[in-house]
Amino acid sequence: MNSLVTCHSSRKIFWSMILVLFIAAVFRFFAIDSAPPGWRDDELIEFGMDQRIVQGWRPLFITEAEGHEPVYHYLHAGTIALFGENIIGYKWLPFAFGLLTVALTYALARRMFDVRVGLIGAALMAVSFWPIMYSRLGIRHIGLLPWMLGAFYLLYPSFTAEGTKRAENRKKIYLSVLRVLGGGLCLAAGLMTYFAGRAVPIILIGFLVYLLLFNRSILKRVWLPFAAAIAIGTAIALPMFIQISQTPGGEKRTEVVGGPLIELTKGNLQPAIDTTLGTLGMFTFSGDPESLYNVSGRPVFDWITGPFFYLGVLLSLIRLKRVENGFALAWLLIGIAPAFVSLPAGSFSHTLAAQPIVFVLTAYGAVEVVTWVIDKMTRGQDDKMTSRKIILSSLHPFILSVIVVIGAALTIRDYFGTWAYDDFVRFQYHAPAREIAQWLDQNPDVVDVAIGTNPNELILDPVALKLDLVRRDVKDRWFDPETALVFPAQGYVIVSPMQLPGAEIMSIIETNGVLERNESHPFRVYTLTRSLGGFPPPGGEFNHHSLLLTRLRLSYEKNRVGDALFLRTFWQIDDADRFQRLKLFVHVLDAQNQVMAGGDLEAVNFAGVRIGDGFWQLSRIQLPVDLAPDTYQVELGWYNPDTGERLKLDDGSDRFLLEPIEVTAP
């Protein structure tokens, strides 16, 4: 009879966990093209790294973008090679890691506490904002959690008396060795995945310190497997750390976010106190302020679920001598500690290592309080299963499920609603590029396009468009519509509402293009005519082998000191060669050839321009108020901002000199 009951219970638990994983999958796969509303800069930068790995690059440590550990990038390169350079190829890995994190959270929580805590903890992970945010991003943060949970799961059996009995046969010894090896490999992978992975061995060391203080009998049994696993993980990751130490500026994250830590080393405690208090309040008071990864200031929990987390922490303090509670507290404290000395306070990224135990402790508190209430209501009754006991027993999972439902409802409202449609989030996540890609897929006759975007996104927006496009025949060019306008040899101009054209560019567009009246998309599309319009030619050609100056006009506001100088040039692409990044420089020179005023402008992404294309470039130079009235020379030309090298004219010079200008007194 007992075996039948056990079998039924196991089957029920199995299907309950399948349901949790199904819900987790829905929350991670649903609306993948609208939440996030596009691609984060970090995703696009990391995509470039992954592409190079696919092509044969084999870094031990990636020094770009403040330093990146390599393991996640190698795995990501594999999924991109397998599924293609698209949203599925890019998002599959974080989705999979997100589901694996939910499953491993259940397995570890069940081993630490019981099956109810495991199920509720996993269910909260499945539907909560914080885990879902990182499961739906392509960046490497989510890659840490499965490795960390895997290491803890493999090493945890030795925490308990049953798991720490001396092996009585070779099979047990063999399994113990495999656990240590597996734990060491997981530790190494965590260290080589994300910066926060360095907290994982520290958590284990912190637990050993706890055992030294509260449970030395278990310490004697577990210190050697722990030490062996940490040694294995450190040894595997050591070559990476050696390369980091030998690379000047190889890791800049501490300089970027570690202001409170730097101040702490100088004896200034106040910044660290502020970030510590902000981090401790992230659970119910005010969470991560960065809109990139949160509804700014949204705490981890609402005030219905949050008290269960605090109760779980309190019960662990009260039951500190229990191994599972001691491990949970060591994990929590060390996991959130990086945010004590970094910016911003309560950063969800910097506290990522604590994420699973936060939800496990919440489940622990909820299970304990619901169990206590039901026991209180049935106290004094005999052991028979009365109708009241049966009803209350059935209410137990229902009440716990309510907490999960509340979390799911708030996530749907805040993540898929408020956050995904926030204007700042849409801008930061290149939402216009995704919407343009969707429109282009729906209009296969549109092949040649010039797209206006923010000048800071000229390099990354084309990458975002490529990832979102289903078709591969689109010939896209990109420009900043405040100061430039690209004319494809034939085709269309598209301008996003987030970067509306300046007045003069708008007049050129309206002169040379017909607005397509279509209210179904949130951007303007103009069909180009072949008339390029503009100003008369300057009387000579400025030919950089491929760049041909065909229109030029120089004008003033009032032709006086302190006023603005305007330069309008039109350039024709006369060669099939691809350019590197180029900036246009315009300088006002005195008689000694010294620069008195000027400016540099990068308003066109030259990687997309083609033979026959042309583009307007508008430059505005403010003349200094202390400039002496005189005759001045104006020079213009192009240079590569990465190398500083100027493009050359056919005669070997590197600039085009305009007619001298007279500047009068104010």
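Draft legend 1. Structural context of the overall build of the chain. Looking only at helices and strands, the chain features 21 helices and 16 strands. Taking all 666 residues of the chain together, the buried fraction comes to 52%. Considering only contacts in the chain between residues 6 or more positions apart, those separated by 24 or more positions represent 73%.

Draft legend 2. Representation of helix H7 (residues 144-155) in the model. For H7, with twelve residues, the first-to-last C-alpha span of 17 Å sits near the 16 Å given by 1.5 Å per residue. Burial within H7 is extensive, with nine of its twelve residues counted as buried. By the burial criterion, the buried members of H7 are Leu-144, Leu-145, Pro-146, Met-148, Leu-149, Gly-150, Ala-151, Phe-152 and Leu-155.

Draft legend 3. Up close: the packing of aromatic side chains. In this structure the tally under the stated criterion is 37 aromatic pairs. Taking 5.2 Å as the distance between ring centres and 80 degrees as the angle between the ring planes, the aromatic pair formed by Phe-14 and Trp-15 counts as edge-to-face. Considering the side-chain rings of Trp-130 and Phe-359, the 6.4 Å spacing of their centres and the 50 degrees angle between planes classify their relative orientation as tilted. With Trp-130 in helix H6 (residues 129-135) and Phe-359 in helix H16 (residues 355-378), this residue pair connects regions lying 229 residues apart in the sequence. Comparing Trp-130 with Phe-359, the two get one shared label, buried. Each member of the aromatic cluster is reached from another via a ring pair, and the members are Phe-152, Tyr-156, Phe-207, Tyr-210, Phe-214, Phe-226, Phe-327 and Trp-331. One residue, Arg-52, lies across the ring of Trp-57, its end atom 3.9 Å from the ring centre. Taking the ring centre of Tyr-153 as reference, the NZ or CZ of Arg-111 above it sits at 3.9 Å.

Draft legend 4. The arrangement of the nonpolar core in detail. Counting 104 residues, the largest nonpolar core has Met-112, Trp-130, Tyr-134, Phe-152, Trp-331 and Ile-357 as the members making the most contacts within it. It is H16 that contributes the most residues to this core, eleven residues altogether. Discounting chain neighbours no more than four positions away, the residues touching Tyr-134 are Pro-94, His-141, Ile-142, Tyr-293, Phe-348, Ser-349, Leu-352 and Gln-355. Val-495, Met-506, Val-561 and Trp-638 belong to the second largest nonpolar core, which has 44 residues in total.

Draft legend 5. Spatial organisation of helix H10 (residues 216-246). Along H10, the sharpest kink reaches roughly 45 degrees, centred on Leu-238 and followed within four residues by the proline Pro-239. Along H10, the residues classified as buried are Ile-218, Leu-219, Val-222, Phe-226, Ala-229, Ile-230, Gly-233, Ala-237, Met-240 and Ile-244. Where H10 is buried, its residues contact H7, helix H8 (170-191), helix H9 (199-214) and helix H15 (323-336).

Draft legend 6. Layout of the pattern of salt bridges. A complete count under the given rule lists 19 salt bridges for this structure. A salt bridge links Arg-298 to Asp-414; the nearest nitrogen and oxygen atoms lie 2.7 Å apart. Within this pair, whereas Arg-298 is found in the loop between helix H13 (270-280) and helix H14 (306-318), its partner Asp-414 is found in helix H17 (residues 387-419), the two being separated by 116 residues in sequence. Here Arg-298 matches Asp-414 in class, with each residue buried. Between Arg-477 and Asp-448 there is a salt bridge, and its shortest N-O distance comes to 2.8 Å. Taken together, the positions of Arg-477 in strand S2 (residues 475-479) and Asp-448 in strand S1 (residues 448-452) put the pair 29 residues apart, joining distant regions of the chain.

Draft legend 7. Spotlight on the side chain of Asn-454. Topologically, Asn-454 is positioned in the loop between S1 and helix H20 (460-468). Among the polar contacts listed, one links the side chain of Asn-454 to the backbone nitrogen of Asn-456, at a separation of 2.8 Å.

Draft legend 8. Quick look at the environment of Ile-88. Mapped onto the secondary structure, Ile-88 falls in helix H4 (residues 87-112). By relative accessible area, Ile-88 is classed as partly exposed at 42%. The spacing of Ile-88 and Ile-32 is 56 residues in sequence and 9.1 Å in space, taken between C-alpha atoms. Those residues in contact with Ile-88, other than ones at most four positions away along the chain, are Ile-32 and Phe-83.

Draft legend 9. Representation of the pairing of S2 within the structure. Along S2, four of the five residues are buried, which leaves the element largely enclosed by surrounding structure. Note on the crossover from S1 through H20 to S2: the handedness is right-handed. As paired strands, S2 and strand S12 (residues 604-605) are joined by two bridges and run antiparallel to one another. Among the inter-strand pairings, Phe-479 is bridged to a residue of S12, identified as Val-604.

Definitions and cut-offs
- Throughout, a residue's number is its position along its own chain's written sequence, starting from 1.
- pLDDT decides what is reported in this predicted model: residues at 70 or higher carry local features, side-chain atom pairs at 80 or more are listed and counted, and totals for whole chains, interfaces and linings draw on all residues regardless.
- Based on all heavy atoms of the structure, the side-chain values leave hydrogens and waters out of the count.
- Per the convention used, a helix needs a DSSP run of H or I reaching at least four residues, while a strand needs a run of E reaching at least two, with both numbered from the N terminus.
- Throughout, exposure labels follow a simple rule: accessible area from a 1.4 Å probe, protein chains only, divided by the maximum for the residue type, with under 20% read as buried, over 50% as exposed, and the rest as partly exposed.
- A contact between two residues is defined here by any heavy atoms of the two lying within 4.5 Å.
- Here, expected helix span is obtained from the residue count minus one, scaled by 1.5 Å.
- Pairing of aromatic side chains requires ring centres within 6.5 Å, counting the rings of Phe and Tyr and the six-membered ring of Trp. Pairs whose planes differ by under 30 degrees are stacked, by over 60 edge-to-face, and all others tilted.
- In this scheme, Lys NZ or Arg CZ marks a charge over a ring once it lies within 6 Å of the ring centre and within 35 degrees of the ring normal.
- The criterion is simple. A nonpolar core is a set of buried Ala, Val, Leu, Ile, Met, Phe, Trp, Tyr and Cys residues joined through side-chain atoms within 4.5 Å.
- We define the bend at each residue as the angle formed by axes fitted to the 7 residues ending at it and the 7 residues starting at it.
- For this analysis, a salt bridge means a side-chain nitrogen from Lys or Arg found within 4 Å of a carboxyl oxygen belonging to Asp or Glu.
- Within 3.5 Å is the distance limit for a polar contact, defined as a pair of N or O atoms, with the added protein rule that one can donate a hydrogen and the other accept it, and that residues adjacent in sequence qualify only through two side-chain atoms.
- Convention used here: a crossover is right-handed provided that the path from the first strand, over the helix, to the second strand proceeds clockwise when the strands point away from the viewer.
- When DSSP finds two or more bridges between a pair of strands, those strands are recorded as paired.

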